[in-house]
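Overview (structure and organization)
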Amino acid sequence: MNAPDSNATKTSTSLYNTFARAPLEFERGEGAWVFTRGGDAYLDFSAGIAVNTLGHANPVLVQALTEQAGKLWHTSNLFRIPGQERLADTLVANTFADRVFFANSGAEANEAAIKTARRYHYVNGQPERFRILTVEGAFHGRTLATLAAGGQQKYLDGFGPKAEGFDQVPFGDIELVKAAVTPETAAIMIEPIQGEGGVRAFPNAFLRELRALCDATGMLLIMDEVQTGIGRTGKLFAYEWTGIAPDILTAAKGLGGGFPLGACLATEAAAAGMTPGTHGTTFGGNPLAMAVGNAVLDAVLADGFLEHVRETARYLSQRLGALRDSHPDVIDDIRGEGLLVGLHAVKPVADVVAALRDQHMLAAGAGDNVLRLLPPLNIGKAEVDAAIDKLEAAFTALEAGAATAQQPA
Ligand SMILES: *Cc1c(COP(=O)(O)O)cnc(C)c1O
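Residues numbered from 1 in each chain as written. Predicted model: local features only at pLDDT ≥ 70, side-chain atom pairs only at ≥ 80, totals over all residues. Heavy atoms only, no water.

Time to look at helix α8 (residues 204-217). Here α8 is 14 residues long and its end C-alpha atoms lie 20 Å apart, about the 20 Å a rise of 1.5 Å per residue gives. Those residues of α8 lying buried are F206, L207, L210, R211, L213 and C214. Buried positions in α8, seen along its axis, are confined to an arc of 160° and lie on one side of it. For α8, exposure combined with an orientation more than 90 degrees from the buried face picks out D215 and A216. Once α8 finishes, G218 follows within two positions and takes phi at roughly 85°, a positive value. (Helix = DSSP H or I, 4+ residues; strand = E, 2+ residues; numbered from the N terminus. Expected span 1.5 Å × (residues − 1). Buried < 20%, exposed > 50% of the residue type's maximum accessible area, 1.4 Å probe, protein only. Arc of directions from axis to C-beta.)

As structure tokens, this is what we get:
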């Protein structure tokens, strides 16, 4: 596409032109499939970017939402909300955490985490400790603070001075992390597997060294599990694979199964400074979100669910391995854990995404030229087999140079 000026790329809608959208719209969904108005079926291995944990139009979630919708939508956090207390109890019973704050999105959950960490040191008599370390390639959201945390220049350009108090360290080098800690460092914030950054996992040994460094220096460990949490890696949270636990953790994407919902979890000690008036939200944890969140968590924590995720992931990984061996000119590396899978593409990943779309399969791009597969967690072998057929067809088309691939603007 040869755009002479920015007007030529203007969309025909009245929306902000902030998204390079695919020329597709869906009318309904069922399980791992979404359907256009014309009735074309697409296999959804992006799940709204790791959001539709239990697939589309899951009857249990539909019932939870509609039942609540007939009773009470919203009361604000001026009053007790039983659904919040129940979901917080469930999260606490199944994690390291003692306290939970509910928000509406991943970025908001991370804002709560950043404020919690700074406030912890403030009430402990060290108000100068407010700086947060983050890792190159990280993604923590699009608010002004979480953009500064992510530290990616292309997202910061043109939005004024970068929010103060975020320092970046290179990926996975504990010595460089140690060197970056100063008397002003409050916490390190890290995704156990970088999602948007290209499905890049930190070795468990590194995360354990990070925990030890936090213990030695009094820094708090914040894990951003907005993408890796809620069963995505085959455990409720990815930190469970590492043998260590954070002080603060954020979740969002999969937590509401498609209803906007985020959460910040913390230990009693870490959350001690968050007293009445220090933080708030109008919508966070509203009864509709809580009805769905409780239903999602009940399903993910039910007997056999996470075992099924791990089993499906093993099967997918085995079939992807064979696919990589037969198409080394399209993909050359398979990464990730559970059903957070990254395929490092040899060709431009936008072309791979488009070629898959031609085969009626949805997947997401990521940094580092990686194709992300993020299916609903309750898929089985049939959906994996369907995905492998579509990947095979797309890769073959790409090799033949016959794909009608089109780079987004
Ligand atoms: C998506 C994502 C966010 C931001 O979540 P939003 O709901 O878009 O604000 C933050 N951190 C990670 C790791 C994410 O994947």
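Let us now look at the site of the ligand. Around the ligand, a shell composed of S105, G106, A107, N110, F139, H140, G141, E191, D224, V226, Q227 and K253 is seen. Taking D224, its side chain carries an N or O atom lying 2.7 Å from a nitrogen atom of the ligand. Q227 is positioned with one of its side-chain polar atoms (N or O) 2.8 Å from an oxygen atom of the ligand. Coverage of the ligand by the protein amounts to 81% of the 380 Å² it exposes when considered alone. Here the element with the most residues in the shell around the ligand is helix α4 (residues 106-123); it accounts for three residues. Its residues placed into classes, the shell around the ligand shows three nonpolar, six polar and three charged. (Near = heavy atom within 4 Å. Polar contact = N/O pair within 3.5 Å; in protein donor to acceptor, adjacent residues only side chain to side chain. Areas by Shrake-Rupley, 256 points an atom, 1.4 Å probe, with all protein chains shown as cover. Nonpolar A, V, L, I, M, F, W, Y, C, P; charged D, E, K, R; others polar.)

Before going further, it helps to examine the packing of helix α11 (residues 349-358) against helix α12 (residues 381-399). In the contact formed by α11 and α12, the axes pass within 9 Å of each other and the chain directions differ by 120°. Between α11 and α12, the angle falls in the class oblique. Remark: the crossing between α11 and α12 carries right-handed chirality. The residues of α12 that touch α11, namely those facing D351, V352, A355 and L356, are K390, L391, A394, F395 and L398. Split into classes, the residues belonging to the contact of α11 with α12 amount to seven nonpolar, no polar and two charged. (Axes fitted to C-alpha atoms, helices over the stretch in contact; angles between N-to-C directions. Parallel < 35°, antiparallel > 145°, perpendicular 65-115°, else oblique. Left-handed = near helix turned anticlockwise from the far one by under 90°. Contact = heavy atoms within 4.5 Å.)

On to the sheet that holds strand β7 (residues 185-190). Spatially, β4-β12-β11-β10-β7-β5-β6 is the arrangement adopted by the seven strands of the open sheet, whose pairing is mixed. Only two strands of the sheet have a single partner each, and these edge strands are β4 (99-103) and β6 (166-169). When strand polarity is set aside, the average angle formed by the axes of neighbouring strands in this sheet is 20°. In the sheet, β4 pairs with strand β12 (residues 262-266) via five bridges, with the strands oriented antiparallel. (Pairing = 2+ DSSP bridges.)

Now for the environment of A138. Counting through the fold element by element, A138 comes out in the loop between β5 (131-135) and α5 (144-150). Here the alpha-carbon distance between A138 and L343, two residues 205 residues apart in the chain, equals 18 Å. The contact partners of A138, leaving out residues within four places of it in the chain, are G150, Q152, E191 and Q194.

Taken as a whole and assessed by the stated rule, the structure comprises 17 salt bridges. Across the pair E307 and R310 runs a salt bridge, and its minimum N-O distance is 3.1 Å. Here the residue E307 and the residue R310 both occupy positions in helix α10 (residues 305-326), the gap between them amounting to three residues, near one helical turn. Here E307 ties to R314 by a salt bridge, and the two come within 3.6 Å at their closest N and O atoms. With relative accessibility at 35%, the residue E307 sits in the partly exposed group. A single network of salt bridges, built from pairs that share partners, joins R131, E164 and D167. (Salt bridge = Lys/Arg side-chain N within 4 Å of Asp/Glu carboxyl O.)

The subject of this paragraph is a negative patch on the surface. Negative charge collects at one region of the surface, where D329, D389, E392 and E399 lie side by side. Relative to the helices and strands, E392 resides in helix α12. By relative accessible area, which is 33% here, E392 ends up partly exposed. (Patch = residues over 30% accessible without salt bridge, like charges linked within 9 Å, V, L, I, M, F, W, Y side chains within 5 Å. Lys, Arg positive; Asp, Glu negative; His and termini not counted. Charge placed at Lys NZ, Arg CZ, Asp CG, Glu CD.)

As a packed pair, helix α2 (residues 59-69) and helix α9 (residues 287-301) sit with axes 9 Å apart at the nearest point and diverge in direction by 155°. Relative to α9, α2 is oriented roughly antiparallel. As α2 runs across α9, the sense of the crossing is right-handed. Along its contact with α2, which presents V60, L61, A64, L65, Q68 and A69, the element α9 presents P287, L288, A291, V292, A295 and V296. Residues belonging to the contact of α2 with α9 are distributed by class as follows: 11 nonpolar, one polar and no charged.

So, about the state of the cysteines. For the structure shown, the criterion picks out zero disulfides. Here C214 stays free of any disulfide, with the sulfur of C264 as its closest cysteine sulfur at 15 Å. For C264, a relative accessible area of 4% gives the class buried. (Disulfide = S-S within 2.5 Å.)

Let us now look at the domain arrangement of the chain. Split by domain assignment, the chain resolves into domain 1 (60-300) and domain 2 (303-345 + 355-370 + 386-402). Its C-alpha centre places domain 1 at a distance of 28 Å from the equivalent point of domain 2. Opposite the 18 residues of domain 1 that make contact, domain 2 presents 16 residues. Both faces combined, the contact of domain 1 with domain 2 buries some 1300 Å², and carbon together with sulfur accounts for 66% of it. For the interface between domain 1 and domain 2, the tally reads zero salt bridges. Between domain 1 and domain 2 we count four residue pairs in polar contact (both at pLDDT 80 or more) in total. Residues belonging to the side of domain 1 that touches domain 2 are distributed by class as follows: six nonpolar, eight polar and four charged. (Domains from an automatic or database assignment. Buried area = accessible area lost by both parts, 1.4 Å probe.)

What follows covers the pairing of strand β11 (residues 248-251). Going residue by residue along β11, you find I248 and T250 tucked away on one face and L249 and A251 tucked away on the opposite face as well. Where strand β10 (residues 220-224) lies against β11, three bridges are found, and the strand directions are parallel. Bridged to D224 within β11 is T250. Pairing of β11 with β12 involves four bridges; the strand directions are antiparallel. Within the sheet, the bridge partner assigned to L249 lies in β12 and is L265.

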